[in-house]
Amino acid sequence: MPHTQIEHVRLALLREFRDLIDMSDAESRQAGEIDRQLLSRSLAAFVARKLTGCDSRSAAASVVDGRRDQGIDAIAVSQSTLELFLIQAKWSTQGTAGVDSGAAHKIVDGFRQIESHDFGRFNERVKRKSEMIKSMLLDSRTRVILVFAVMGNEKIAPEVGEILESAKSEYNGYDPLLDYRTIGGTELLALVKDELNGPDISLVVRMSQWLRRHEPTDSFQGSVPAEEVADWYEKFKDRLFDQNVRNGLGSTSVNQAMITTLRYSPEMFWSRNNGITILCSQITPTYPAGSRRRPDQQVDLEISKASVVNGAQTVTAIHTAYQTAAEQVGDAEVSVRVIQIPEAGDEFATRITRSTNTQNHMERRDFIALDPRQAIIRDDFNLTLNKVYVFKRGGMEPASDVGCSVEHAATALACAHRNAELVARIKRNPDLLWEEGPTGAYTILFGNIPSATEIWRSVQLFRTVSDTLRQQSGKHESRASAVADHGDLLVAHIAFQLAGIDALDKNEEEWEFQIQAIRGQVGQILDWLVHEVDRLFTKTSFIGSTFSNIERCKQLTNAVMHCMTSGAPLPPMTEYQSSKANRPRARAAVQILLDADRIRDGATLDYVPSSDRERAAMKAWIGADPRRSKATWVLDRKAPLRWAADGQQYSPSRLVMHMWDLAGWTTAPVAIQGPKCWYLGVEGSLVELASQVQKEELD
């Protein structure tokens with residue numbers, strides 16, 4: 001790159017980040033080396049901001065560069081798109097930075113340590129983010145992207161590509177959850193220039209079967225040839241999405257389904273797709289000469305300052321399909337809305353962007369409510385057991401001694417099934433629980449309607465295993481801790497197999513004895529599982545993908561079952577024993593409250609901002625829908641809050657950060673002690689309640 005272009009990028013980085021980047025650990029006495037460190041860290045922060053859409057201060061806080069960073073210079077997350085970015089940045093004043101084999105090995109090894117919960121090798125900046133990272137990785141939908149930002153050539157040598165592709169192949173099972181990308185000098189310059197020039201995109205949208213509205217603002221909706229959409233992305237790339245909450249997500253399962261439809265059933269694409277929404281500053285329609293401006297005739301819309309605010313995945317999927325199947329894509333159409341934003345309409349645009357990306361949509365799980373078998377199970381629960389069974393999404397979760405939801409029932413039945421394939425499937429994607437068809441999990445579990453007693457006892461045993469794992473959560477650290485988190489369903493599956501097929505039919509006295517026996521076996525199962533993961537797949541294998549791999553889960557089940565039934569002595573676990581295991585351990589507020597059974601299952605909690613700044617930022621958004629400030633307490637240590645706004649479960653901190661993101665609070669802190677923000681009426685916050693429990697225990 002010419003020196004002047006490198007200088008343009010350098011000045012842009014320093015203008016934005018010179019006063020934000022933490023350089024307190026800079027050790028070199030040479031001014032040039034300190035400048036290079038500052039520019040490398042600024043580069044990492046700049047890329048973090050562009051990838052996540054956060055503000056400059058948050059981007060600067062994502063930087064973890066320094067001693068013991070394990071090849072990772074910044075860690076950034078996008079809660080709205082469930083993406084975790086591990087960024088490695090290299091600055092070169094000569095524009096000669098690149099990615100070599102050593103750099104690739106280092107970032108892959110760093111990710112292995114993160115994925116194995118081995119945070120002891122990292123510096124304090126990374127350790128402060130450990131809980132947030134673990135929370136992200138526990139969600140099976142989270143995509144991890146290794147990002148190389150280099151002031152130089154973005155091309156990757158074949159030997160470097162082999163290292164990265166090998167890591168992808170090892171981590172990815174059925175879904176592309178690990179990927180990598182490089183951002184070189186040319187793209188960095190373009191990103192800087194885009195910010196200087198501003199997003200000013202003009203498009204001509206050729207629309208048929210259209211409808212025009214004039215209120216609340218001028219807008220059109222109709223069908224557009226898919227090949228035109230592909231051309232938009234070819235010209236403008238991700239600049240099309242400057243006002244969107246996310247860019248295209250790459251090769252996700254949803255995108256792959258769209259690409260498949262475009263290639264093999266293009267005529268069906270319009271009916272299967274939710275469409276695209278475009279905001280613009282001006283719409284100028286042009287009608288065919290002599291036409292009566294009828295909807296069945298074409299209209300050409302010239303639009304200025306265009307931005308796709310919903311449908312980024314659709315746009316990128318169409319473009320991808322067009323590269324290899326242009327003729328087929330030429331037969332597809334997509335529904336497009338074009339909305340003109342009034343002058344001084346920033347708030348109007350923000351509301352449209354947010355609502356089009358967060359409105360409730362029908363999921364496979366929702367259609368379970370229409371299955372008459374679920375109503376039969378509900379009645380069986382009521383008449384046979386005098387217990388509650390909830391199968392409609394959004395229904396109140398019953399207290400643990402009163403009943404269960406269909407989610408808990410399906411998960412427990414999957415763990416009880418003789419084939420470990422089911423737990424591997426739902427670890428990969430919980431939505432697969434509701435898959436129908438001859439081999440679908442839902443058909444397997446509910447096709448022959450299970451009795452209320454079978455379901456309830458399966459739930460009881462599953463809860464016993466889950467509760468015991470949580471109680472022993474401080475026993476191990478590093479890889480063993482990761483196995484306990486990611487392998488919880490397989491531990492439950494093995495416990496069911498040890499109990500035997502007849503366990504659910506025992507009388508009440510024998511059943512209580514069975515539950516206690518399983519409670520005593522959980523720790524042994526976990527120890528053997530850790531040992532067998534290391535033995536079968538090595539101590540550097542990825543943990544998360546192991547438990548979503550069907551064949552590996554089957555291997556592990558057979559191996560642990562053999563160890564448990566052969567009378568072999570337990571393997572030594574000193575390598576993974578927590579250094580805090582033999583002294584009083586500082587427990588999290590949620591763990592304390594659950595151990596003490598302090599909050600009733602199903603109790604309502606209220607969100608209370610922890611500062612005046614937070615209160616001001618969230619007031620209007622909360623006011624628009626009071627459900628946003630409500631959550632229900634659920635007996636689940638990983639995700640004890642069921643948010644009233646969407647019916648999904650979250651940890652207290654994860655939910656608060658998710659709410660900040662949806663509210664558009666761009667200057668929010670990078671971390672939060674969530675339990676401080678959730679209150680049980682006038683009794684106090686989760687932190688205050690936990691403190692009361694600890695005082696009572698001491699007394």
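In case you missed it, the structure is sitting above this.
Summarised in this report is the structure supplied together with it. All figures in this text were calculated on a predicted structure; none of them were measured in a lab. (Residues numbered from 1 in each chain as written. Predicted model: local features only at pLDDT ≥ 70, side-chain atom pairs only at ≥ 80, totals over all residues. Heavy atoms only, no water.)

1. Things to note about the sheet that holds strand β1 (residues 74-78)
At step 1: Reading across from one edge, β1-β2-β3-β4 is the order of the four strands in this open sheet, with mixed pairing throughout. Looking along the sheet, the strands with just one partner apiece sit at the ends: β1 and β4 (178-183). Here the strands of the sheet are splayed against their neighbours by 20° on average, with no regard to which way each runs.
At step 2: Here strand β3 (residues 143-150) pairs with β4 via six bridges, running parallel. Residue pairing across strands places Phe-148 opposite Thr-182, the latter belonging to β4.
At step 3: Here helix α7 (residues 158-171) sits on the sheet in contact with β3 and β4, set at roughly 150° to β4. (Pairing = 2+ DSSP bridges. Helix = DSSP H or I, 4+ residues; strand = E, 2+ residues; numbered from the N terminus. Axes fitted to C-alpha atoms, helices over the stretch in contact; angles between N-to-C directions. Contact = heavy atoms within 4.5 Å.)

2. Things to note about the nonpolar core
At step 1: Core analysis: the largest hydrophobic core is formed by 68 residues, its most contacted members being Tyr-389, Phe-446, Leu-461, Val-465 and Leu-490.
At step 2: Sort the elements by how many residues they give to this core and helix α22 (residues 508-537) lands first, with 11 residues.
At step 3: Sequence-distant contacts of Leu-461, that is, excluding residues within four places in its chain, are made with Ala-495, Phe-496, Ala-499, Trp-511, Ile-515 and Ile-518.
At step 4: Formed by 39 residues, the second largest nonpolar core is a distinct cluster that contains Val-224, Val-299, Val-308 and Val-338. (Core = buried A, V, L, I, M, F, W, Y, C linked by side-chain atoms within 4.5 Å. Buried < 20%, exposed > 50% of the residue type's maximum accessible area, 1.4 Å probe, protein only.)

3. Brief notes about the environment of Ala-482
At step 1: Relative to the assigned elements, Ala-482 resides in helix α20 (residues 478-486).
At step 2: The residues touching Ala-482, leaving out its near neighbours within four places in the chain, are Glu-115, Ser-116, His-117, Gly-487 and Ile-543.

4. Side note on the environment of Val-315
At step 1: Note on placement: Val-315 falls in helix α12 (residues 312-324).
At step 2: C-alpha of Val-315 to C-alpha of Ala-226: the two residues are 89 residues apart in sequence and 8.7 Å apart in space.

5. Notes on the packing of aromatic side chains
At step 1: This model, assessed by the stated rule, comprises 15 aromatic pairs.
At step 2: When the ring of Tyr-607 is compared with that of Trp-678, the centres are 5.6 Å apart and the planes differ by 50°; the resulting orientation is tilted. Taken together, the positions of Tyr-607 in strand β14 (residues 604-607) and Trp-678 in strand β18 (residues 678-679) put the pair 71 residues apart, joining distant regions of the chain.
At step 3: Aromatic ring contacts, followed pair by pair, group Phe-381, Tyr-389, Phe-391 and Trp-456 into a single cluster.
At step 4: The aromatic ring of Phe-542 is capped on one face by Arg-112, whose charged end is 4.5 Å from the ring centroid. (Phe/Tyr/Trp six-rings, centres within 6.5 Å; stacked < 30°, edge-to-face > 60°. Lys NZ or Arg CZ within 6 Å of the ring centre and 35° of its normal.)

6. A short note on a negative patch on the surface
At step 1: A grouping of Glu-227, Glu-267, Glu-327 and Asp-331 is seen on the molecular surface, where their side chains present a negatively charged patch.
At step 2: Note on placement: Glu-227 falls in helix α9 (residues 226-236).
At step 3: The exposure class assigned to Glu-227 is partly exposed, which follows from its relative accessible area of 31%. (Patch = residues over 30% accessible without salt bridge, like charges linked within 9 Å, V, L, I, M, F, W, Y side chains within 5 Å. Areas by Shrake-Rupley, 256 points an atom, 1.4 Å probe, with all protein chains shown as cover. Salt bridge = Lys/Arg side-chain N within 4 Å of Asp/Glu carboxyl O. Lys, Arg positive; Asp, Glu negative; His and termini not counted. Charge placed at Lys NZ, Arg CZ, Asp CG, Glu CD.)

7. Digging into helix α15 (residues 372-385)
At step 1: Between its terminal C-alpha atoms α15 stretches 20 Å, which fits the 20 Å expected from 14 residues at 1.5 Å a residue.
At step 2: The set of residues buried in α15 consists of Gln-374, Ile-377 and Phe-381. Buried residues of α15, viewed axially, fall in a sector of 55°; they line one side. Across from the buried face of α15, at angles greater than 90 degrees, the exposed residues are Pro-372 and Leu-383.
At step 3: Within two residues after α15, Asn-386 carries a phi angle of roughly 60°, on the positive side. (Expected span 1.5 Å × (residues − 1). Arc of directions from axis to C-beta.)

8. Observations regarding the packing of helix α21 (residues 488-499) against helix α24 (residues 550-566)
At step 1: Close contact between α21 and α24 brings their axes to 10 Å; oriented N to C, the two are set at 50°. As judged from the angle between their axes, α21 and α24 are oblique. α24 is crossed by α21, and the crossing has right-handed handedness. Only Cys-553, Leu-556, Thr-557, Val-560, Met-561, Met-564 and Thr-565 of α24 make contact with α21, whose side of the interface consists of Leu-490, His-493, Ile-494, Gln-497 and Leu-498.
At step 2: Looking at side-chain class alone, the contact of α21 with α24 contains eight nonpolar, four polar and no charged residues. (Parallel < 35°, antiparallel > 145°, perpendicular 65-115°, else oblique. Left-handed = near helix turned anticlockwise from the far one by under 90°. Nonpolar A, V, L, I, M, F, W, Y, C, P; charged D, E, K, R; others polar.)

9. Some points on the sheet that holds strand β10 (residues 307-310)
At step 1: An order of β8-β9-β5-β6-β11-β7-β10 is seen for the seven strands of this open sheet, with the pairing classed as mixed. On the outer flanks of this sheet lie β8 (282-286) and β10, each paired with one strand and no other. Along the sheet, successive strands turn relative to each other by an average axial angle of 40°, direction set aside.
At step 2: As paired strands, strand β7 (residues 276-280) and β10 are joined by three bridges and run antiparallel to one another. In the sheet register, Thr-277 faces β10, and the bridge partner there is Asn-310.
At step 3: Together, β5 (203-213), β6 (219-225), β7 and β11 (333-340) form the strand contacts of α9, whose direction differs from that of β6 by roughly 100°.

10. Concerning the pairing of β5
At step 1: Two strands pair when backbone bridges link them, and β5 and strand β9 (residues 299-304) are joined in this way by five bridges, in the antiparallel orientation. Across the sheet, residue Arg-206 finds its bridge partner in β9, namely Asp-300.
At step 2: Where β5 meets β6, four bridges bridge the pair, whose relative direction is antiparallel. Across the sheet, Arg-213 pairs through a bridge with Ser-219, a residue of β6.

11. Here we look at the side chain of Asp-73
At step 1: Here Asp-73 shows up in the loop between α3 (56-61) and β1.
At step 2: Buried charge without a salt bridge: Asp-73, with Arg-41 as the nearest opposite-charge side chain at an N-O distance of 7.1 Å.
At step 3: Within polar-contact distance, the side chain of Asp-73 engages the backbone nitrogen of Ala-89 at 2.8 Å.
At step 4: Filtering out sequence-adjacent residues up to four positions away, Asp-73 remains in contact with Ala-44, Ser-62, Val-63, Val-64, Asp-65, Ile-87, Gln-88 and Ala-89. (Polar contact = N/O pair within 3.5 Å; in protein donor to acceptor, adjacent residues only side chain to side chain.)

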